[in-house]
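Descriptive structure summary
The primary structure of each chain is shown beneath.
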Amino acid sequence: MFKRLQGKPKVCHSNRRKYMFDVLEDRELLAFSVLNTDPLGPGSLYAAIEAANNTAGPDEIEFNIPGSGIQSIQLSEPLPAILEQVTIDGFSQDPNSGQPSIFLDGSLLGSNANGLVIQGEGSTIRGLAIGNFSGSGIVLNSNNNIIVGNYIGLNASGSAAASNSYGITVAATDGNTIGQTAEGLGNWISGNASAGVMLDGATNVQIVANFIGLNAAGDEAIGNGVGVHITGGSHGISIGVPIDFGNGSYDPLGGNVISGNSSHGVLIDGAETNLVLVSGNKIGTSADGNTDLGNGGDGVRVADGAFSVVVGMLVGEISNGTETLTIPLYPDDSRNIISGNSGSGVSIDGSGTHDVYVTNNRIGTNADSTSDLGNTGAGVSVTGGATNVSVGRSLFNAILFQGSNGDPDVLIQGAFDEDQGNIIGGNDSGGVVIQGANEVTIAGNFIAGNTGSGVDVSGGSHGIVVGVAPDSGDGTYDALGGNLISGNSANGVLVRGSNTQLVAIAGNKIGTDDTGNNVFANGGAGVRVEDGASYVVIGLLAGTVSSGTESQNFITHANEQRNVISGNAGDGISIDGGQTNNIYVAGNIIGANADLTADLGNGGAGVSVTGGATFVGIGRALIRSAVFPAGFTLLGAFDEDQGNIIGGNDSGGVVIQGANEVTIAGNIIADNTGSGVDVSGGSHGIVVGVAPDSGD
């Protein structure tokens, strides 16, 4: 806090000019008053900054310009860089206005001209409107500065753009804060051509309670290019509600509104950009989360080698090596609403991009999940070789957060939590789209009401788990990982394309409500596997994983791994295509409710195998050897729980047409309309029941 004491006007001398200021005597803080709107000369802002730079210790610059209303300072040359700790308080011009009364105008300056350049640590800029600069409105080249209550890229009324190239640029500095949760102290950062906030190599930055891309009323878009761009190896960045480390850093009102921007809402990219938390924001909507004010690109995009990024809720334990603290859960506060965007809600892309966690968000719906505010792209897309991505409940890899200002480094160990699942609905190009990505887990989500398939896996993706992950006995098993995948216009789950392989689909409700007892149909098949996909397990995975020297048995959890695939408009499960092979359907309920007390039949067959698909096991099956990444091999085993219950379907129980090497064993196939098993179309190598013993 600063003291404001009265003093007599006094002339201060410098080598260049004589300036008149209000000076405060005998105090910790020296304050200078801006007395006019002149670009230079006595009483100007230019002169006040020069005087503060020439005065050791913290200073304050206040405004006392005669007249009412907005006072515009149109610069004729760039302001001096701020070299000492200073508070520039634009609110001092009209403390009761509730918004900036000082407009700093760079329209007369040349190229690459910045508004305020902060090189003195610990400075505060508050209550200014800063616009029309060809460079950045504010540049932070020092540590521990605070930027609050400003209009950056807007005129002083906040009603129209006064574009800078960048709103706020934060260079390779530490500990800066943009926004505060107290009323009126968030910034409005809008109308800037390239990015509203640009972090390039910055560390430990908090971006809280700002409006980024909207007018001051928050009801119309005045977009930046990108809302927030984090790049250049920046790390330790919090956008929105910060983590509760037990040190007072948590604030439930920290969420930003990042909407109306012409490109992405939040862009996190570049190798070595890491440790970023995006939590509690409205991205693509109004502040209440109920009106579409979408960004022109993706809501959140993580790309080009960024890693250790959490979009949503972070849950787990933190450790500094000697002490451990559990991170408290705030599911309502940490939830992002990511809806209404022209691209995907969340896009994760690039071969070097890894360890990205998308948890506890609303993606494609309004804040209450009562209406559709769908993203034009997918709800979540994972593409281009990204790896180790979790959508929903996840046991994420350990994340090391580096300490600042003398704080120790902390290690975050992830944990499963019931609130981690996302609601992904109403999106125009599918719920979750996985294309050419590896090691992706989709667990504990509601994926419903999307145009297209609920989950679409293609492009040579592998190592994909949809629902309850196989239990290898190492403690990663999550009994509650099943998804609700229903009400989508196409298939519930679509797995397609040559080299798309090693996909497990287990423990989900597909085509029903979350109880499994009422129809909530997908418009196509419940699960469709086509066009050369291979080694897909739908239901229970039983067997042994071997590296050649070590082996590990998968433990069967029939109740948790069983899918309920019922009520869909097409087949329950459709397996199609001449190159599609090694598909295993085990332990599922197909066409009945979860309690096996009512018919919720699929509109097609329970299971169809067509178009030359080969090596398909329906029920008890000995899975053929499958090589997993890192040199591991899966060797299948018979298990008593592998049989499916296939009943109540409208076009037969199991239909085999033009397929080869199909085994149907250990199932209950009853009460279907049509035949229980129908084999036709030149199929061969079909076993229904006990397979011949070849002596092996």
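Described below are features of the structure shown in this document. (Residues numbered from 1 in each chain as written. Predicted model: local features only at pLDDT ≥ 70, side-chain atom pairs only at ≥ 80, totals over all residues. Heavy atoms only, no water.)

Some words on the overall build of the protein chain
Counting secondary structure elements, the protein chain contains 3 helices and 65 strands. For the protein chain, the proportion of its 696 residues judged to be buried stands at 60%. Of all intrachain contacts in the protein chain linking residues separated by at least 6 positions in sequence, the fraction that spans at least 24 positions is 74%. Summed over its atoms, the accessible surface of the protein chain is roughly 24400 Å², and 47% of this surface lies on carbon and sulfur atoms. (Helix = DSSP H or I, 4+ residues; strand = E, 2+ residues; numbered from the N terminus. Buried < 20%, exposed > 50% of the residue type's maximum accessible area, 1.4 Å probe, protein only. Contact = heavy atoms within 4.5 Å. Areas by Shrake-Rupley, 256 points an atom, 1.4 Å probe, with all protein chains shown as cover.)

What about helix H1 (residues 45-53)?
Across the 9 residues that make up H1, a large majority, 9, are buried. All of the buried residues along H1 are Leu 45, Tyr 46, Ala 47, Ala 48, Ile 49, Glu 50, Ala 51, Ala 52 and Asn 53.

Examining the pattern of salt bridges
Throughout the structure, instances matching the rule amount to 7 salt bridges. Between Asp 456 and Arg 496 there is a salt bridge, and its shortest N-O distance comes to 2.9 Å. Of this pair, Asp 456 sits in strand S42 (residues 455-458) while Arg 496 sits in strand S45 (residues 493-496), and the two are 40 residues apart along the sequence. (Salt bridge = Lys/Arg side-chain N within 4 Å of Asp/Glu carboxyl O.)

Re the nonpolar core
By size, the foremost hydrophobic cluster in this structure holds 107 residues, and its most contacted members are Leu 116, Ile 505, Ile 538 and Val 609. For Val 609, the residues in contact, after removing those within four places along its chain, are Ile 575, Val 616, Ile 618, Val 655, Ile 656, Gln 657, Ala 659 and Val 662. (Core = buried A, V, L, I, M, F, W, Y, C linked by side-chain atoms within 4.5 Å.)

Some thoughts on the side chain of Thr 359
In this fold, Thr 359 is placed in strand S32 (residues 354-359). Polar side-chain contacts of Thr 359 include one of 2.6 Å to the backbone oxygen of Met 313. (Polar contact = N/O pair within 3.5 Å; in protein donor to acceptor, adjacent residues only side chain to side chain.)

Describing unusual backbone geometry
The backbone of Asp 355 shows a phi angle near 55 degrees, a positive value even though the residue is not glycine. Tracing the backbone shows Asp 355 in strand S32. Residue Asp 355 is classed as buried on the basis of its relative accessible area of 10%. Its identity is not glycine, yet Asn 360 carries a phi of approximately 60 degrees, on the positive side. By the secondary structure assignment, Asn 360 is in the loop between S32 and strand S33 (362-363).

A word on the packing of aromatic side chains
Taken as a whole and judged by the stated rule, the model has 2 aromatic pairs. Both rings, one in Trp 188 and one in Phe 211, keep their centres 5.3 Å apart while their planes meet at 5 degrees; by these two values the pair is stacked. Of the two residues, Trp 188 sits in strand S16 (residues 188-189) while Phe 211 sits in strand S19 (residues 211-212), which places them 23 residues apart along the sequence. In this structure, Trp 188 and Phe 211 share a single accessibility class: buried. The structure contains a cluster of three or more aromatic residues connected by ring pairs, namely Tyr 151, Trp 188 and Phe 211. (Phe/Tyr/Trp six-rings, centres within 6.5 Å; stacked < 30°, edge-to-face > 60°.)

Things to note about the pairing of strand S14 (residues 166-170)
Buried residues dominate S14, accounting for 4 of its 5 residues. Sheet topology note: the S14/strand S17 (residues 195-200) ladder contains 4 bridges and is parallel. The residue of S17 that forms the bridge with Ile 168 is Val 197. (Pairing = 2+ DSSP bridges.)

A word on the pairing of strand S5 (residues 71-74)
What you see with S5 is a clean split: Gln 71 and Ile 73 sit on the buried side and Ser 72 and Gln 74 on the side with no burial. Relative to strand S7 (residues 102-105), S5 is paired through 4 bridges, and the arrangement is parallel. The residue of S7 that forms the bridge with Gln 71 is Ile 102.

A closer look at the environment of His 684
Mapped onto the elements, His 684 comes out in strand S65 (residues 684-688). Here Asn 660 takes part through its side chain, which lies 3.0 Å from a polar atom of the side chain of His 684.

Here's the deal with the side chain of Asn 256
Structurally, Asn 256 is set in the loop between strand S21 (235-240) and strand S22 (257-258). You can call Asn 256 buried: its relative accessible area is 1%. At a separation of 2.8 Å, a polar atom in the side chain of Asn 256 contacts the main-chain carbonyl oxygen of Ile 207. Discounting residues that sit within four places of it in the chain, Asn 256 has contacts with Ile 207, Val 208, Ala 209, Asn 210, Ile 239, Gly 240, Gly 280, Asn 281 and Lys 282.

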